[in-house]
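Each chain is listed here by its residues.
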Number of protein chains: 2
Amino acid sequence: MNTIGFAPHDHGNCVADTLRKAEQHCADNGLRLTPVRRRSLEILLADHRALGAYDLLAVLATEGLGAQPPVAYRALDFLVKAGFAHKIEALNAYIACAHLGECQMPAFLICRACNSVAETDTTLGRGRLNDAASDAGFRIERTVVEAEGLCPSCQKDTA
Amino acid sequence: MNTIGFAPHDHGNCVADTLRKAEQHCADNGLRLTPVRRRSLEILLADHRALGAYDLLAVLATEGLGAQPPVAYRALDFLVKAGFAHKIEALNAYIACAHLGECQMPAFLICRACNSVAETDTTLGRGRLNDAASDAGFRIERTVVEAEGLCPSCQKDTA
DNA sequence: TGGCTATTGATATGTTATAACATTAACTGT
DNA sequence: ACAGTTAATGTTATAACATATCAATAGCCA
Ligand SMILES: [Zn+2]
Ligand SMILES: [Zn+2]
Ligand SMILES: [Zn+2]
Ligand SMILES: [Zn+2]
């Protein structure tokens, strides 16, 4: 299942690996990983939490990479369209993809206490949801699957 | 599956039925379906589309039921908590529950062309997400399952 | 080089949501 | 009926999230 976010892992490697894959994907597809875009991806990758556009902007601003909302939203738009990041609809926030290169249908586990987000790659809903969609004659283009709750560590804290 | 929203149905009955169930639920649970709340539910029920909080507010305002944002947000909060309405996270909008009384884990089919929304259910299909959550030690409290695409009628229009 | 397109800079505005506090209505027990 | 309590509403202000628009610049390709 490869759920990333709550389990400890070699994060330095995780970051370097994702950046490398992103660079490769841009090279292969004629996309430009400009300074703002690259730095935005790095900031999102820094830890496995969702960041609001204005949170990202605040960091970019301290680094002289832009101070107006469109800077952040353009970078996020690029990252999302390229598949390097996902929007968490339930939070109006953004997170780096944890499975770059093999991300088909992401689903997210969102801790309401510490705001950490784990990305898993499941086809939930796809079976059941596809059936429902077929019955209704609906053509699915994108799905949003998000679960809110408590991560292992926050369950302990509130126990 | 009882997917409601795209298929024609006796909507007058659908509305009356839902209002009756809501009244009963309030009576049974000591909740108060005040004028603003009741009218908000009626407005959401008017058709199977998601309405923004400010859209709802605009209607309420023309009827003298309140003109400030908190009026709409309080009513929506009540309706959502009571299970009479759902928030569509992908749209930041709200819709009346189409399965009042038997709604466990709703999922939505959202047409990006006409904005109609069908409500279906994923109760039987949450195996994979539950598995992923278990593996990660995550305790799910709420799920968001939304599919964006084209409804039958809009597929024809763009064909 | 010149023309084209993608990207960035900058200002303004639109949209969604909540904080905070005063007021009024409804319920509870006496 | 009365005070004490809680739930709901009125009102103002502001926070948080997102986009429209247009000018300036950088990369790219005849
Ligand atoms: Zn990592
Ligand atoms: Zn992903
Ligand atoms: Zn947590
Ligand atoms: Zn429902």
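Scroll up to find the structure this text is about.
Residues numbered from 1 in each chain as written. Chains lettered and ligands numbered in written order. Predicted model: local features only at pLDDT ≥ 70, side-chain atom pairs only at ≥ 80, totals over all residues. Heavy atoms only, no water.

**Q** Help me understand the overall build of chain A, please; the structure alone is not making it clear to me.
**A** A count of helical and extended segments in chain A gives six helices and five strands. Taken over C-alpha atoms, the radius of gyration comes to 17 Å for chain A, in line with the 15 Å a tight globule of 159 residues would show. Referenced to the eigenvectors of the C-alpha coordinate spread, the extents of chain A come out at roughly 50 × 45 × 30 Å. By residue count, 50% of the 159 residues in chain A fall in the buried class. Pairs at least 24 apart in sequence give 54% of the contacts found in chain A among residues at least 6 apart. Total accessible area computed for chain A in this model is approximately 7,500 Å², and 49% of it derives from carbon and sulfur atoms. Charge separation in chain A, taken as the distance between the mean sites of 16 positive and 19 negative side-chain charges, equals 4 Å. (Helix = DSSP H or I, 4+ residues; strand = E, 2+ residues; numbered from the N terminus. Rg over C-alpha atoms; globule rule 2.2 N^0.38 Å. Buried < 20%, exposed > 50% of the residue type's maximum accessible area, 1.4 Å probe, protein only. Contact = heavy atoms within 4.5 Å. Areas by Shrake-Rupley, 256 points an atom, 1.4 Å probe, with all protein chains shown as cover. Lys, Arg positive; Asp, Glu negative; His and termini not counted. Charge placed at Lys NZ, Arg CZ, Asp CG, Glu CD.)

**Q** Looking at this model, I keep getting lost on the coordination of the zinc ion (ligand 1). Mind explaining?
**A** Each angle at a metal carrying four tetrahedral donors should ideally be 109.5 degrees, and each at a metal carrying six octahedral donors should ideally be 90 or 180 degrees. Residues and elements named next belong to chain A. Donor atoms from the polypeptide that bind the zinc ion (ligand 1) are His9 (NE2), His11 (ND1), Cys14 (SG) and His48 (NE2), placed at 1.8 to 2.5 Å. Of note is the zinc ion (ligand 1), whose four donor atoms meet at the metal with angles of 104 to 119° in an arrangement that counts as tetrahedral. Considered as a linear motif, the donors of the zinc ion (ligand 1) on their single chain read H-x1-H-x2-C-x33-H. Taken as a pair, Cys14 in helix H1 (residues 11-29) and His48 in the loop between helix H2 (35-45) and helix H3 (53-62) lie far apart in primary sequence, 34 residues in all. Under the relative-accessibility criterion, Cys14 is labelled buried at 14%. Judged by its relative accessible area of 12%, His48 falls in the buried class. (Donors = N, O, S within 2.8 Å, 3.2 Å for Na, K, Ca; no water. Tetrahedral: all angles 85-135°; square planar, octahedral: opposite > 155°, others 65-115°.)

**Q** What exactly am I supposed to notice about the pairing of strand S3 (residues 106-111) of chain B here?
**A** The two faces of a sheet get side chains in turn, since along a regular strand they alternate between them. All names here are of chain B. Within S3, six of the six residues are buried, which leaves it mostly tucked inside the rest of the structure. Burial along S3 is two-sided: the face carrying Pro106, Phe108 and Ile110 and the face carrying Ala107, Leu109 and Cys111 are both buried. Linking S3 to strand S4 (residues 117-121), which pair antiparallel, is a turn of five residues; within it Asn115 sits at a positive phi near 65°. Of the pairings in the sheet, the one linking S3 to strand S5 (residues 139-150) comprises four bridges and is parallel in character. Bridge pairing in S5 places Ile110 opposite Glu148. (Pairing = 2+ DSSP bridges.)

**Q** Honestly, the nonpolar core in this entry has me stumped. Any pointers?
**A** The nonpolar side chains of a soluble globular protein tend to be buried with one another. Formed by 30 residues in total, the largest nonpolar core has its most connected members in A:Phe6, A:Leu109, A:Leu129, A:Phe138, B:Phe6, B:Leu109 and B:Phe138. Mapped onto this core, the elements with two or more residues apiece are strand S3 (106-111), helix H5 (126-136) and strand S5 (139-150) of chain A together with S3, helix H5 (127-136) and S5 of chain B. Counting residues per element, this core draws most heavily on S5(A), at four residues. Among all residues touching A:Phe6, those that are not within four sequence positions of it are A:Leu109, A:Ser116, A:Ala118, A:Cys151, A:Pro152, B:Ala136 and B:Phe138. Among the nonpolar cores identified, the runner-up in size contains 25 residues, and A:Cys26, A:Ile43, A:Leu60 and A:Leu100 belong to it. (Core = buried A, V, L, I, M, F, W, Y, C linked by side-chain atoms within 4.5 Å.)

**Q** Could you clarify how one ought to interpret unusual backbone geometry in this entry?
**A** Only a minority of non-glycine residues have a phi that is not negative, and only a minority of peptide bonds are not trans. Residue and element names in this part refer to chain A. Even without a glycine there, the phi angle at Asn115 is positive, about 65°. With respect to the secondary-structure elements, Asn115 resides in the loop between S3 and strand S4 (117-121). You can call Asn115 partly exposed: its relative accessible area is 34%.

**Q** When you look at the protein's contact with DNA strand C in this model, what are you seeing that I'm missing?
**A** Every one of the 15 residues lining DNA strand C counts as a neighbour, but A:Thr34, A:Arg74, B:Tyr54, B:Tyr73 and B:Lys87 are closest to it. Backbone atoms, meaning sugar and phosphate, make up 45% of the atoms of DNA strand C lying within 4 Å of the protein. A:Arg37 is positioned with one of its side-chain polar atoms (N or O) 2.9 Å from a phosphate oxygen of DNA strand C. Separating a base oxygen of DNA strand C from a side-chain N or O atom of A:Arg74 is a distance of 2.7 Å. Taken together, the elements giving at least two residues each to the surface near DNA strand C come down to helix H4 (69-82) of chain A together with helix H4 (69-82) of chain B. For the surface near DNA strand C, the element with the most residues is H4(B), which contributes four residues. Split into classes, the residues belonging to the surface near DNA strand C amount to six nonpolar, three polar and six charged. (Near = heavy atom within 4 Å. Polar contact = N/O pair within 3.5 Å; in protein donor to acceptor, adjacent residues only side chain to side chain. Nonpolar A, V, L, I, M, F, W, Y, C, P; charged D, E, K, R; others polar.)

**Q** I'm lost on the coordination of the zinc ion (ligand 4) in this one. Help?
**A** All names here are of chain B. Coordination sphere of the zinc ion (ligand 4), protein contribution only: His86 (NE2), Cys97 (SG), Cys103 (SG) and Glu119 (OE), at 1.8 to 2.4 Å. Coordination at the zinc ion (ligand 4) is tetrahedral: its four donor atoms span angles of 102 to 126° at the metal. Written as a sequence motif, the donor arrangement for the zinc ion (ligand 4) is H-x10-C-x5-C-x15-E. One end of the pair, His86, is in strand S1 (residues 85-88); the other, Cys97, is in the loop between strand S2 (93-96) and S3, with 11 residues separating them in the sequence. What makes His86 buried here is its relative accessible area of 11%.

**Q** Would you take a moment to explain empty space enclosed by the protein for this structure?
**A** The rolling of a water-molecule-sized probe over the atoms marks out the regions of remaining empty space. All names here are of chain B. Following the criterion strictly, the structure yields one cavity of 30 Å³ or more and no others. Its volume calculated, the largest cavity comes out at about 40 Å³. Together, His11, Leu44, Leu45, Asp47, His48, Ile95, Ala96 and Cys97 line the largest cavity. Listed by contribution, the elements that provide at least two residues to the lining of the largest cavity are helix H2 (35-45) and S2. Its residues placed into classes, the lining of the largest cavity shows five nonpolar, two polar and one charged. (1 Å grid on protein atoms, 1.4 Å probe; cavity = no way out; pocket = protein on both sides within 12 Å on 5 of 7 lines; lining within 4 Å. Points joined across faces, edges and corners; volume = space filled by probe spheres on them.)

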